Amino acid sequence: MAGTLQARKETYSNYKNRDTIKFMVGMSPNLTVNFVSKAYGGRASDKHITLTSAAFINQLPPKSVIIADKGFNVSKELQSRGVQLIVPDYKGRGRSQFSAQEAASSECISSARIHIERIIQRIRTFHILGSTIKISQQDITEQIFSVCAYLINFQMPIVNLRQKLHADTSISEHTNNTTEESIFDFI
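Quantities reported herein were computed from a predicted structural model and do not represent experimental measurements.

Peer 1: Now, about the overall build of the chain: what can you tell me, with residues and values included?
Peer 2: Looking only at helices and strands, the chain features seven helices and nine strands. Sequence-distant contacts, at least 24 apart, represent 59% of the contacts inside the chain between residues at least 6 apart. When the accessible area of the chain is evaluated, it comes to approximately 11500 Å², of which 52% is carbon and sulfur surface.

Printed below as a string of structure tokens:
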């Protein structure tokens, strides 16, 4: 019984009000899935998943750029590896709106981040991922999710070439001439 309670504690997501499993999904500059983490309980923080994903951390060459959302709070850890983290500005509670420059920067970052959201939306279309699983099936769940995620690379592109070139140009203004860009998010 204690094992079941511990499993429920680790997988219950207060955000979604149910038991969930989380994965970190990465997307390369050419809009293909290039990384899928192992499965974590829904209670795991994005920072914990990132920092315990050695395969993710070790694949980042110096001068890489990661574009992520505000919750991806690992800038210090990435800086120590020579990796730049770009996140949208955070308004906070002390002011009513962004400055014009912050708004433009956040819009540019969001226009690039929307692609990972589209990738995640496509992954969720695999009906096999919508079924209830047993905690004892975690290993097979990781395999199923990874296959579904990488199958996205064989589907039609999520944007046309003109849109991608525009996004690449906009983001390059924020990256200080770095070599590689990736976008990561959690599902």
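Let us keep going from here.
Peer 1: Explain the packing of aromatic side chains to me, and be specific about the residues and the numbers.
Peer 2: Inspection of the entire model under this criterion finds two aromatic pairs. Both rings, one in Phe23 and one in Phe145, keep their centres 3.9 Å apart while their planes meet at 5°; by these two values the pair is stacked. Here Phe145 lies in helix α6 (residues 138-151) and Phe23 lies in the loop between β3 (21-22) and β4 (24-27), a separation of 122 residues in the sequence. When its relative accessible area of 4% is taken as the criterion, Phe23 is described as buried. We classify Phe145 as buried; its relative accessible area is 5%.

Peer 1: Can you break down a nonpolar patch on the surface residue by residue, with the values?
Peer 2: On the surface, a nonpolar cluster with roughly 330 Å² of combined accessible area is contributed by Val147, Leu151 and Phe154. Under the relative-accessibility criterion, Val147 is labelled partly exposed at 49%.

Peer 1: Talk me through the nonpolar core; I want residue IDs and the actual numbers.
Peer 2: Among the nonpolar cores identified, the biggest contains 18 residues, and Val33, Ile119, Ile123 and Phe145 are the most heavily contacted of them. Of all elements in the fold, only β4, β5 (33-36), α5 (100-124) and α6 reach the threshold of two or more residues within this core. Considering each element in turn, this core owes the most residues, four residues, to α5. Here Ile119 is in contact with Met27, Leu31, Val33, Ile152 and Ile158, once residues within four sequence places are set aside. Ranked by size, the runner-up nonpolar core spans 15 residues in total, among them Met24, Ala44, Phe72 and Val74.

Peer 1: Describe the environment of Ile133, and please don't skip the residues or the numbers.
Peer 2: Mapped onto the elements, Ile133 comes out in the loop between α5 and α6. The class of Ile133 is partly exposed, set by a relative accessible area of 34%. Between the C-alpha atom of Ile133 and that of Ile21, which follows or precedes it by 112 residues, the distance is 10.0 Å. If near-sequence neighbours (up to four positions away) are discounted, Ile133 is found in contact with Ile21 and Thr141.

Calculation rules
- Residues numbered from 1 in each chain as written.
- Predicted model: local features only at pLDDT ≥ 70, side-chain atom pairs only at ≥ 80, totals over all residues.
- Heavy atoms only, no water.
- Helix = DSSP H or I, 4+ residues; strand = E, 2+ residues; numbered from the N terminus.
- Contact = heavy atoms within 4.5 Å.
- Areas by Shrake-Rupley, 256 points an atom, 1.4 Å probe, with all protein chains shown as cover.
- Phe/Tyr/Trp six-rings, centres within 6.5 Å; stacked < 30°, edge-to-face > 60°.
- Buried < 20%, exposed > 50% of the residue type's maximum accessible area, 1.4 Å probe, protein only.
- Patch = residues over 30% accessible without salt bridge, like charges linked within 9 Å, V, L, I, M, F, W, Y side chains within 5 Å.
- Salt bridge = Lys/Arg side-chain N within 4 Å of Asp/Glu carboxyl O.
- Core = buried A, V, L, I, M, F, W, Y, C linked by side-chain atoms within 4.5 Å.

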